[in-house]
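Overview (structure and organization)
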Amino acid sequence: MASIKERAAALNLEEKLCVRPNSGQVIKPVNNCLLWSSLIVYLKSTVTIKTRRVHIKAHSDCFLGSEAVDVVAEHLKLSKKFEEVNVTREKVICVCQALLDCNVFEVPGTKPLGKGKKQVFQDSKRSLYRSEEQTTSHVEMPVASETDCLTLKASMVSPSGSQTELKLPQTLVDEVWQELTLLRLLNLVEIPVLDGILQCSPSPRSPQKTHQLTTTNLDLAHSSNHLDRKVLKAFKDSQDDEWLYAALDCLDFLPDQSVVDLSRKLPHCFSEVEIQKPSYEQPLLSSSNLDNYKLLVYGALSKHYSHTDRAPLLPQHMTDIYKAITELLVTAKLDTALEALQLCLKLLLPNSREELRRLLTFMALAVEPQAIRLEMEVENRLAIKRSFSRAILHCKDLTKEKEDIMVVFMLCNIQEIFKIPGALHKEVSDKLALLVQGQQTDVTGSTFCQQVPKRTYVNSTKTTTNNELWKLLDSINVNVQISNKERKRLLGQFYQAHPEVFNQYFGDSAASIL
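These notes cover the structure that comes with them. (Residues numbered from 1 in each chain as written. Predicted model: local features only at pLDDT ≥ 70, side-chain atom pairs only at ≥ 80, totals over all residues. Heavy atoms only, no water.)

Take the overall build of the chain next. Regarding its fold elements, the chain presents 23 helices and 6 strands. Burial status across the chain gives 44% buried among its 514 residues. Summarising the internal contacts of the chain: among those between residues at least 6 apart in sequence, 69% fall at separations of at least 24. About 28,900 Å² of surface is accessible on the chain, with carbon and sulfur atoms providing 53% of the total. (Helix = DSSP H or I, 4+ residues; strand = E, 2+ residues; numbered from the N terminus. Buried < 20%, exposed > 50% of the residue type's maximum accessible area, 1.4 Å probe, protein only. Contact = heavy atoms within 4.5 Å. Areas by Shrake-Rupley, 256 points an atom, 1.4 Å probe, with all protein chains shown as cover.)

Core analysis: the largest hydrophobic core is formed by 80 residues, its most contacted members being Trp243, Leu301, Leu356, Leu360, Phe362, Ile392 and Met410. Apart from residues no more than four positions distant in its own chain, isoleucine 392 is found in contact with Pro312, Leu313, Leu314, Leu356, Leu359, Leu360, Met363, Val407 and Met410. Core analysis: the next-biggest nonpolar cluster, separate from the first, contains 28 residues, Leu76, Phe82, Val95 and Phe105 among them. (Core = buried A, V, L, I, M, F, W, Y, C linked by side-chain atoms within 4.5 Å.)

Turning next to the packing of aromatic side chains. Summed over all chains, the structure comprises 13 aromatic pairs. Here tyrosine 298 and phenylalanine 388 contribute two aromatic rings whose centre-to-centre distance is 6.2 Å and whose plane-to-plane angle is 70°, an arrangement assigned as edge-to-face. Remark: phenylalanine 388 occurs in helix α17 (residues 380–392) and tyrosine 298 occurs in helix α13 (residues 287–305); sequence separation between them is 90 residues. The buried category is assigned to tyrosine 298, whose relative accessible area is 5%. (Phe/Tyr/Trp six-rings, centres within 6.5 Å; stacked < 30°, edge-to-face > 60°.)

Turning to the sheet that holds strand β2 (residues 57–64), a few remarks are in order. Within a sheet, each strand pairs with its neighbour through backbone hydrogen bonds, oriented either parallel or antiparallel. Taken in spatial order, the 4 strands make up an open sheet running β1-β2-β4-β3, and their pairing is antiparallel. Whereas interior strands pair on both sides, the edge strands pair on one side only; in this sheet they are β1 (50–54) and β3 (105–106). The pairing of β2 with strand β4 (residues 128–131) spans 2 bridges and is classified as antiparallel. Bridge pairing in β4 links phenylalanine 63 to tyrosine 129. Its contacts with the sheet place helix α4 (residues 65–78) against β1, β2 and β4, and it is angled at close to 15° to β2. (Pairing = 2+ DSSP bridges. Axes fitted to C-alpha atoms, helices over the stretch in contact; angles between N-to-C directions.)

Following this line, the structure appears as structure tokens:
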């Protein structure tokens, strides 16, 4: 597989985005490998990747051609390299065509064309495309590679004038992502103590704990548990029911025994007529049998995620962030709350982030009014809340009402919360570009305090204190819920501590009050 650097060099994008001023001079942006690598990263992490059906065939992990054009155009408009370029939709289609030619993504379900022929990129909602990395690696984590693509070999000129190669370590890239994510998050919300937040630094990459299918272990590949998972995966890929597909997608995080039980119960859901169909006709579950199997899958998920000894997917050490986000929601600052939540989820470990995404996707489908009734006694919304809310968020410092507000907001914005803000992508790309070039990065971009003269500080402190004391005295004086005796006692204590504020508040009647 070609490296990112080789792909970026093959794109020749400076010709596709060139503009011609009135003077006839052609202005071309700098061909920066890191710039186009960040474009690929932004595209893969922003487009909506899911299973889509064309006619009677389902294609997994696909995105729409029209959405790819929108995402690429947005990224190019945010880039400083193209501030003076008129980024039209026709030019963006040329960029997407170049990405397709370089096998950054492909058209699913098509055979390789002959020599000299190539696929034509279509700016259409009916055109499907799939990332090449997702077809070669069977790990279904569409947003997990957003930082991997930035660990590229970038060309730079040494002082002697020779061309050298420099590769940024993955640990350094992870640190840049974490640093800039935290800085942007601190600009949005107030965090009283940073000790817990700093615990979210990612540890060295560990093997995924999911039970996704791999073929590297031959013993595992022939084990009974693996075959049961393979049966359920094949059954999942054949489904056009979004509810069932999302539920089966969560089984990768369940223990083997639960998956084995569901796999063994699957044949019993087919009737004899369905099983005896010709081999060229794919047996489909009847409506009643499909509903019965849905309830079996829901029962397994509910049993797994409702355990009280399970640690929630949103870790406890980020409680201050959750409290700040809920305060934004209570005060109806929804846009700020959404960006803060996106940054918060970016700080999660990839495995926890993917499990949370799948579980929330299933929950959002299960609470729909037209979805199957899960329990006879209560409606679906309450059943889903009771079964899965604790597995997502459970903090002793948050009230149950605020936990529910947070979960409901995540469900209502399931298509947005796992996207990475474009401004953060831009900041990361700019900083990595400076690191590749060996330049010192700007650490003064985000400031949280400003130095003032001592007299200004003293005056500000005194004014603020007097204002708060005035509010306290006013609350005592106008409070109708306390007796006159208690009010007189409190006013006497206030006078002894702050006589100047007391006299200013009551004026000539201060003596009669006491």
